[in-house]
Number of protein chains: 4
Amino acid sequence: MRLETTTYLVDKFSAVRNQTLALIEPLEPEDFIIQASPDVSPPKWHIAHTTWFFERMILQEYDDQYTVFHPKYNYLFNSYYNSIGPYQPRHQRGVLSRPTVEEILAYRMHVDKAILSLLQQKRETPVQQKLEQLIEMGLQHEQQHQELILMDVKYNFFVNPLLPAYQNKTESERTLGVDGSPTFKRFEGGLVEIGHDGQGFAFDNENPVHKTWLNPFELASRPVTNREFLAFVEAGGYEQSEHWLSDGFHIVNQQSWKAPLYWMKNEQGEWSVFTLNGIKPLHLDEPVCHVSFYEADAYSRWCGKRLPTEAEWEYVGRQVEQRGNLMGEGSYHPRPVSSDLQEMTGMFGDVWEWTASAYAPYPGSRPLEGALGEYNAKFMCNQMVLRGGACVTPDDHIRETYRNFFPPDKRWQFSGFRLAGDL
Amino acid sequence: MRLETTTYLVDKFSAVRNQTLALIEPLEPEDFIIQASPDVSPPKWHIAHTTWFFERMILQEYDDQYTVFHPKYNYLFNSYYNSIGPYQPRHQRGVLSRPTVEEILAYRMHVDKAILSLLQQKRETPVQQKLEQLIEMGLQHEQQHQELILMDVKYNFFVNPLLPAYQNKTESERTLGVDGSPTFKRFEGGLVEIGHDGQGFAFDNENPVHKTWLNPFELASRPVTNREFLAFVEAGGYEQSEHWLSDGFHIVNQQSWKAPLYWMKNEQGEWSVFTLNGIKPLHLDEPVCHVSFYEADAYSRWCGKRLPTEAEWEYVGRQVEQRGNLMGEGSYHPRPVSSDLQEMTGMFGDVWEWTASAYAPYPGSRPLEGALGEYNAKFMCNQMVLRGGACVTPDDHIRETYRNFFPPDKRWQFSGFRLAGDL
Amino acid sequence: MRLETTTYLVDKFSAVRNQTLALIEPLEPEDFIIQASPDVSPPKWHIAHTTWFFERMILQEYDDQYTVFHPKYNYLFNSYYNSIGPYQPRHQRGVLSRPTVEEILAYRMHVDKAILSLLQQKRETPVQQKLEQLIEMGLQHEQQHQELILMDVKYNFFVNPLLPAYQNKTESERTLGVDGSPTFKRFEGGLVEIGHDGQGFAFDNENPVHKTWLNPFELASRPVTNREFLAFVEAGGYEQSEHWLSDGFHIVNQQSWKAPLYWMKNEQGEWSVFTLNGIKPLHLDEPVCHVSFYEADAYSRWCGKRLPTEAEWEYVGRQVEQRGNLMGEGSYHPRPVSSDLQEMTGMFGDVWEWTASAYAPYPGSRPLEGALGEYNAKFMCNQMVLRGGACVTPDDHIRETYRNFFPPDKRWQFSGFRLAGDL
Amino acid sequence: MRLETTTYLVDKFSAVRNQTLALIEPLEPEDFIIQASPDVSPPKWHIAHTTWFFERMILQEYDDQYTVFHPKYNYLFNSYYNSIGPYQPRHQRGVLSRPTVEEILAYRMHVDKAILSLLQQKRETPVQQKLEQLIEMGLQHEQQHQELILMDVKYNFFVNPLLPAYQNKTESERTLGVDGSPTFKRFEGGLVEIGHDGQGFAFDNENPVHKTWLNPFELASRPVTNREFLAFVEAGGYEQSEHWLSDGFHIVNQQSWKAPLYWMKNEQGEWSVFTLNGIKPLHLDEPVCHVSFYEADAYSRWCGKRLPTEAEWEYVGRQVEQRGNLMGEGSYHPRPVSSDLQEMTGMFGDVWEWTASAYAPYPGSRPLEGALGEYNAKFMCNQMVLRGGACVTPDDHIRETYRNFFPPDKRWQFSGFRLAGDL
């Protein structure tokens, strides 16, 4: 059993770490340095920080022989762990040309070698288990940063007037022709259980399993599409205060939002959209993507519906197969929704789905011990929960219990939504 | 029945409107103009806005004969109702010397007379009922502004180096000698109901009654005191990131918070506190007041507890008599807590109690129709719920279902908290 | 001689102090509190600060018997004298409702009485002379604040949507019908002397007399009028970067300047202007007023001219009689310019005239000793010199050597300009 | 004559363009992208912008055959020429990873080839002269950016906690042992002439020669040294408001200035300084460098002196040989001053010397025609003049009439000062 776990982890470690390298393959050295807004990080920082995570959380704790690669990296690549010490301010990650990309790749190799060597050593089972849990944690962490690399590169490239393309995977034309309204499936609700049961990996914010009461509700069988959201845009939805939360309407005006992030309208009134595959005409049957919680909420109110709570979402999500358009597809863009509208579709992959739920601790939850207790718990305020993963989420990184979270005004993540209603 | 209601309303109208005038009695004309931060409003604005509410929501809708007092007041004294039209920006309320206080008092008399006259007219029952509901709403609204006047005057006076006193009600010395920890009462929870049942007045955010599941929990029999909070301050709690939400620790540092708002430490290390009755030595047995959600949350984590959810609070609040140190006491300051710690005490009055719950719509809730739909619903984001009223809340304005709400970093409201825990 | 001076000073002291009271006569108590931007001060602050100046600079230094009126006023009403101690931050002058206006008027009477009593005492001549110089200084200082009161009230009233009028002095219609270009008078220049010679009062920034070289130049016989400036506005001057200094064009865009401050255009395209006498149609023959240095400079470049240097201005100003539309006229608004264009007109009064000169110390100049050394010298950076006084300048407060100064983007002072050119 | 000029220009063109390439030799690709503050530009931008200058100002105007290298570069690499069209905002130069450095180097080669080819063509003499003037202008412009590259790289590296060194030219130890005060040389002044006479290249801001009057003055024979400035630091000069201009003391407090930029004090109280050659102990005999105008002015007042005007400086500078520690030395750091204090030393090279003069047009000056009129004239406000060049100024790029200028609070340029006084 232990051997199997170790083999599994050795394989997964190599696979995940290589996947990160595959994602940065299309980048020029210059691309690694850019931080076009305080929300994003330079790709170089991501590949260094994920490496630092293994060095600091594992090698420095479990490997007596390990020599720190560089004494300043603990400052440069600590993200936000106050219990570990001070760190480069987040908004200043983009002013660091050194260490070079080459030096960071050497750092990765140094740490990879040490981790793989550590995994081969014999030690007592409890220690080994703890170690393996931490490596699993480090890999899950790295997978989150894989998604961030794609999000951040997309944003960095968008602010450049040259609008460079990250890749050029021309998608097969799958225009599946969805028109008409979505089907709403009805659910009785009642006293249900949500949350993670501790079998397999989960983040501490998914625990524990707990009861919650659901009134009868309905949930759309698919996410809202560009076609539908465009109708809101063209009906003047962004100018009509009555659909919006007060904070939302304030930011709409302050930042002159007229449409989702990455939408562009030319002088002929034609819409196109910036993607990791370059500029494309707006595909009307794709799930709308890169909307803030405020936009999702306003659209829902405009059409007399609401967003689902995360409990409603998870309750339905447990009844659905966990597959979809995830990172493995390689297009890094939502796919047009199927015309088969009878079943719940697209709950996993394509777009993260905003819920009506503020990000808060589950009843009886406990953060991890030590520095990793800062991983999730300290962000449980002023953020909203998203569910289901997106086209940039690693395939084995999503679960029905997975809780993603962003402030309600952010839109550089691959976020959309599906409608719900009371019965 | 109808007559009784009308008589009740005529009496209540006079009582509430006169109470506002009583509250501004101690103010000089100059005091009516100050807006020491964008969060507060000048007292003159409060007395004009509450009058505008009756004029615009009732007289202009129900009184054909009514002549608007001044054509610009709709712009000047609309607070945030976008559906009614543009308005003076909130942070610019303090740049208006005109209309003078005298002119605003004339405006009040003009509107009062028209409302009382309107109430005497005969009309069909459904219209009369709707009208009476609106007048009740206008009075509840005015009561909220009565509390705001006291909050805002306190803040305005505090930023003045002269530290003027609003009144000088010397309290009888009630040092009831609370030491030791609070008693925690245990509750089984289960599937419970909270929310307002529609009998009597409630705001739309309190509806409807709905089921919710509570895990077994404990709740402190009294709020956290100055003595207890001072221990946190003196143990360095404001410098230790591990107790704080990330956003909270950011603001602690950005604004150099060292203690609750209005606490002052002299060179001998003695603490005093600014109150509406002037500067007083810090009374250790009073509930701590003027803390933000972040401070309440950090203190709770520091001592291994947590804040109650609003459902837990209301579940217990329903079992407790609704009386306490409210506006009627006239001291406008929390009272020392009783030494009788076996029963739940102080749930109503003294200090608003922060809960762990983000302000969100109840399942199945519906905002009011028309402009009044903007009253509550559009603020349901980035705010936390507080419960139970404070020493500045009108006595007949509080209920076990009442949901107050503020952003988590605000502290000029009379806010404290009580501890809860899982069982 | 001494007696005469004393009598003169007693009379002037009463006259100047009373003139301040006359200026605040039209104000309501509420008007005394407003600070609509960090640049302006509440009228209450002005009447307190000018009083503090006498108390702190004279009574506390020369009157052993004098008792300070209130221990906190030194903090509240010190403007910017670091050598005297800390002070209420400038942008926070508008958050102080207390002391009330009544208390400040009592403060004035207390100090006036003490000053007049001090002036009657016998003392040695050198001390008496020093004292008299300081009182003269205090009165000149107060006259500067008289002008500021009018500037600041005008601005405070303008940001109020009610647009109240300070007074209602309807002017006799003096439409003197100036059309056509201004006459330019030619001056040979050469090695000239400017600066104050020490005879009579002058501020330290006007000393000493010093040589400077002037190339031959021309100077317009009158200031630029509204008619002329309107042509610039309507020709799109505010949108054309080529006329503007870089910093100027930046602020034009940032603050959306379209015309001088206080100009308003209605939907029919008619221009009116806000004045201390209420809103008036734009009088085309009045000197343009309330323009920044940037606007004056841009207009000059637009028509192929330039602003005069302060040396050029003073050289001509010495040849002209020092009278004009000053505070004594009581209209507090520029008058239409005369049609008699052969002589230099309007150099004194009407509008302060921007010069091309940065505010800098004269060769060999020395600031006053002690705290009063902070009066002028520390502001000699990032400001431009204006000359000649305006319709809000006390009649006996202006001289050909007088140097007023403001940052180049400010426009709430009564500022216009006249054109110059090279020969 | 024409042929000689052409040959001279072909040689100079190659020399200057190659010198830019030599300066970027030590940089990694990542270093080209950083913009650590809005004041600095990424090195990539400098090498692209100087190339764009030749393409836009010369090739697009004079070469019918020329094909623009990339249609977007006119937007990306226009610095501030509004008459040419919109441009990438200055503070956003650091968010552009593309075009890559390699692409920009290809752009340079493309433009270089076209310019050299253009220079070989025959054309009429007036056109050829105009063309040659523009190429000279482009080269002078490029030399200014060479200095900027060094200034900006120094700043970018300093904000990196790794504090990388740009190069490692260990200087020979020239500790020339200056102690004691500087000698002050006395000058009679009188009616003198300054400004450029049109012989050889000069920027339009140096014209024309014009008379000015100088009172008798004294000027220090050398710049203020680190030793002297350290005495000011250690005497508490940065905490004493009486030495400072008001705006200066404001920024000292706002930005917590304690010493010149790049000075660092370790826990033992020892001072070191960050240089383009890495961190060095503070050499007490070097001219103080990287001080703002405010610091230079405050130091001068502290020791009873003043800064020279630019006319005084130029009057003396004309009597001194134009050589010194300029870019050709290759150390890019000021040298210790000579102990020979009888003659004026260090007026050229080492550090730019702040003067007391605001940057303003000379009497009778005319900006260049067309877009190049924006080169200098539109910045003539809110800036102070510096004279004499620094250790990063190309040797053939400095003149006694050369006017450099920066806002008074900037310190990333190599700026020091020398003392002057009245006689």
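Reading the values: rules and limits
Residues numbered from 1 in each chain as written. Chains lettered and ligands numbered in written order. Predicted model: local features only at pLDDT ≥ 70, side-chain atom pairs only at ≥ 80, totals over all residues. Heavy atoms only, no water. Helix = DSSP H or I, 4+ residues; strand = E, 2+ residues; numbered from the N terminus. Rg over C-alpha atoms; globule rule 2.2 N^0.38 Å. Buried < 20%, exposed > 50% of the residue type's maximum accessible area, 1.4 Å probe, protein only. Contact = heavy atoms within 4.5 Å. Least-squares fit on C-alpha atoms with pLDDT ≥ 70 in both. Phe/Tyr/Trp six-rings, centres within 6.5 Å; stacked < 30°, edge-to-face > 60°. Lys NZ or Arg CZ within 6 Å of the ring centre and 35° of its normal. Pairing = 2+ DSSP bridges. Axes fitted to C-alpha atoms, helices over the stretch in contact; angles between N-to-C directions. Salt bridge = Lys/Arg side-chain N within 4 Å of Asp/Glu carboxyl O. UniProt positions renumbered as here; feature names shortened; annotations may be inferred. Buried area = accessible area lost by both parts, 1.4 Å probe. Core = buried A, V, L, I, M, F, W, Y, C linked by side-chain atoms within 4.5 Å. Domains from an automatic or database assignment. Polar contact = N/O pair within 3.5 Å; in protein donor to acceptor, adjacent residues only side chain to side chain. Parallel < 35°, antiparallel > 145°, perpendicular 65-115°, else oblique. Nonpolar A, V, L, I, M, F, W, Y, C, P; charged D, E, K, R; others polar.

Novice: Give me the overall build of chain A: which residues, what numbers.
Specialist: Check the secondary structure of chain A and you find 9 helices and 12 strands. On C-alpha atoms alone, chain A measures out to a radius of gyration of 22 Å, which is about the 22 Å that the 2.2 N^0.38 rule sets for 423 residues. Considering chain A as a whole, with its 423 residues, one finds that 60% of them fall into the buried category. By sequence separation, contacts in chain A at least 24 residues apart represent 80% of the contacts at least 6 residues apart.

Novice: Tell me about the environment of B:Ser338, and please be specific about residues and values.
Specialist: Residue and element names in this part refer to chain B. Positionally, Ser 338 belongs in the loop between helix H9 (310-317) and strand S8 (352-358). Residue classification places Ser 338 among the partly exposed positions, given a relative accessible area of 28%. For the pair Ser 338 and Arg 222, spaced 116 residues apart in sequence, the C-alpha to C-alpha distance is 8.7 Å.

Novice: If you had to explain the relation of the copies chain D and chain A to someone new, which residues and values would you point to?
Specialist: The two copies are related by a screw operation: chain D maps onto chain A through 180° of rotation and 0.0 Å of translation along the axis, at an RMSD of 0.0 Å. Such a turn and shift between the copies fits a two-fold axis. Rotation axis and chain D: the residue whose C-alpha lies nearest the axis is D:Glu30, separated from it by 2.7 Å. Looking at chain D, 100% of its interface residues are interface residues in chain A too, so the copies touch through the same face.

Novice: Which residues make up the packing of aromatic side chains, and what values do they have?
Specialist: In total, this model carries 152 aromatic pairs over all chains according to the counting rule given. With a centroid separation of 5.8 Å and an interplanar angle of 40°, the aromatic rings of B:Phe69 and B:Tyr73 are classed as tilted. Accessibility expressed as a relative area gives 30% for B:Phe69, which makes it partly exposed. When the ring of C:Phe53 is compared with that of C:Tyr375, the centres are 6.4 Å apart and the planes differ by 85°; the resulting orientation is edge-to-face. Placement of C:Phe53 in helix H2 (residues 43-62) and of C:Tyr375 in the loop between strand S8 (352-358) and strand S9 (384-387) is noted, with a sequence separation of 322 residues between them. Taking the relative accessible area as the measure of exposure, C:Phe53 reaches 0% and is therefore buried. When its relative accessible area of 4% is taken as the criterion, C:Tyr375 is described as buried. Among the aromatic side chains, those forming a connected cluster through ring pairs are A:Phe229, A:Phe232, A:Tyr238, A:Trp244, A:Trp263, A:Trp271, A:Tyr299, A:Trp302 and A:Phe417. For C:Arg93, the ring lying beneath its charged end belongs to C:Trp45, and the centroid distance is 3.6 Å. The lysine or arginine in question, C:Arg411, covers the ring of C:Trp257, its NZ or CZ lying 4.0 Å from the ring centre.

Novice: Talk me through the sheet that holds strand S1 (residues 184-187) of chain D; I want residue IDs and the actual numbers.
Specialist: Residues and elements named next belong to chain D. Spatially, the 3 strands line up as an open sheet ordered S1-S4-S12, and their pairing is antiparallel. Looking at the sheet topology across the chains shown, the edges are occupied by S1 and strand S12 (420-422). If you compare each strand with its neighbour and ignore which way they point, the axes differ by 25° on average. In terms of strand pairing, strand S4 (residues 217-220) meets S12 through 3 bridges, oriented antiparallel. Paired with Glu 218 across the strands is Gly 421, a residue of S12. In this fold helix H9 (residues 310-317) packs onto S1 and S4, with an angle of close to 70° to the strand it touches most, S4.

Novice: Can you break down the pattern of salt bridges residue by residue, with the values?
Specialist: The tally for this structure, following the rule as stated, stands at 100 salt bridges over all chains. As a salt-bridge pair, B:Asp285 and B:Arg227 come within 2.7 Å of each other at their nearest N and O atoms. Within this pair, whereas B:Asp285 is found in the loop between strand S7 (278-281) and helix H8 (293-302), its partner B:Arg227 is found in helix H6 (residues 226-234), the two being separated by 58 residues in sequence. We classify B:Arg227 as partly exposed; its relative accessible area is 35%. Its salt-bridge partner being C:Asp297, residue C:Arg301 comes within 3.0 Å of it at the nearest N-O pair.

Novice: Before we move on, can you summarise the UniProt feature "domain: DinB-like" (unreviewed entry) in chain A with the specific residues and values?
Specialist: When the UniProt feature table is mapped onto this chain, "domain: DinB-like" (unreviewed entry) is found at residues 13-149 of chain A. Its end C-alpha atoms 18 Å apart, residues 13-149 of chain A is made of 60% helix and 0% strand.

Novice: Would you mind going over the interface of chain B and chain C in detail, with residue names and values included?
Specialist: Interfaces are often sized by the accessible area lost when the parts come together. Each side of the interface is counted separately: chain B has 30 residues, and chain C has 30 residues. A buried area of about 2400 Å², summed over both sides, lies between chain B and chain C, and 65% of it is on carbon and sulfur atoms. Of all residues in chain B, the largest losses of buried area upon contact with chain C belong to B:Glu30, B:Arg98 and B:Leu162, amounting jointly to 29% of the total for that side. Here chain B is connected to chain C by 2 salt bridges.

Novice: Describe the nonpolar core, naming the residues involved and giving the relevant values.
Specialist: Formed by 235 residues in total, the largest nonpolar core has its most connected members in B:Phe229, B:Phe417, C:Phe229 and C:Phe417. Leave out the neighbours within four places in its chain, and C:Phe417 touches C:Pro223, C:Val224, C:Phe229, C:Val288, C:Val291, C:Ala296, C:Tyr299, C:Ser300, C:Leu307, C:Trp352, C:Glu353 and C:Trp354. Judged by nonpolar contacts, the second largest core, of 233 residues, contains A:Tyr107, A:Ile135, A:Met344 and D:Phe203.

Novice: Report on the domain arrangement of chain A, specifying residues and quantitative values.
Specialist: All names here are of chain A. Annotation of chain A at the domain level lists domain 1 (2-158) and domain 2 (184-422). The centre of domain 1, based on its C-alpha atoms, is set 27 Å off from the matching centre of domain 2. Across the contact, 29 residues belong to domain 1 and 31 residues belong to domain 2. Of the roughly 2800 Å² buried between domain 1 and domain 2 on both sides combined, carbon and sulfur atoms contribute 66%. Considering only the surface of domain 1 that becomes buried against domain 2, Glu 147, Lys 154 and Phe 158 emerge as the three largest contributors, covering 26% of it. Where domain 1 meets domain 2, there are 1 salt bridge. The partner of Lys 410 in a salt bridge is Asp 39, and the shortest N-O contact between them spans 3.0 Å. The interface formed by domain 1 and domain 2 holds 15 residue pairs in polar contact (both at pLDDT 80 or more) in total. Of all elements in the fold, only helix H1 (2-24), helix H2 (43-62) and helix H5 (125-158) reach the threshold of two or more residues within the side of domain 1 that touches domain 2.

Novice: Can you break down the sheet that holds strand S8 (residues 352-358) of chain D residue by residue, with the values?
Specialist: Residue and element names in this part refer to chain D. Overall, mixed pairing links the 4 strands, which are arranged S10-S9-S8-S11 in an open sheet. At either margin of the open sheet sits one strand with a lone partner, and together these are strand S10 (404-406) and strand S11 (415-416). Here H9 sits on the sheet and contacts S8 and strand S9 (384-387); the angle it forms with S9, its principal contact strand, is near 15°.

Novice: Explain the packing of helix H6 (residues 226-234) of chain D against helix H8 (residues 293-302) of chain D to me, using residue names and the numbers behind them.
Specialist: Residues and elements named next belong to chain D. Running from amino to carboxyl end, H6 crosses H8 at an angle of 80°, the nearest separation of the two axes being 11 Å. Between H6 and H8, the interaxial angle falls into the category roughly perpendicular. Counting all contacts with H6, which are made through Glu 228, Phe 229, Ala 231 and Phe 232, the residues of H8 involved are Glu 295, Ala 298, Tyr 299 and Trp 302. Its residues placed into classes, the contact of H6 with H8 shows 6 nonpolar, no polar and 2 charged.

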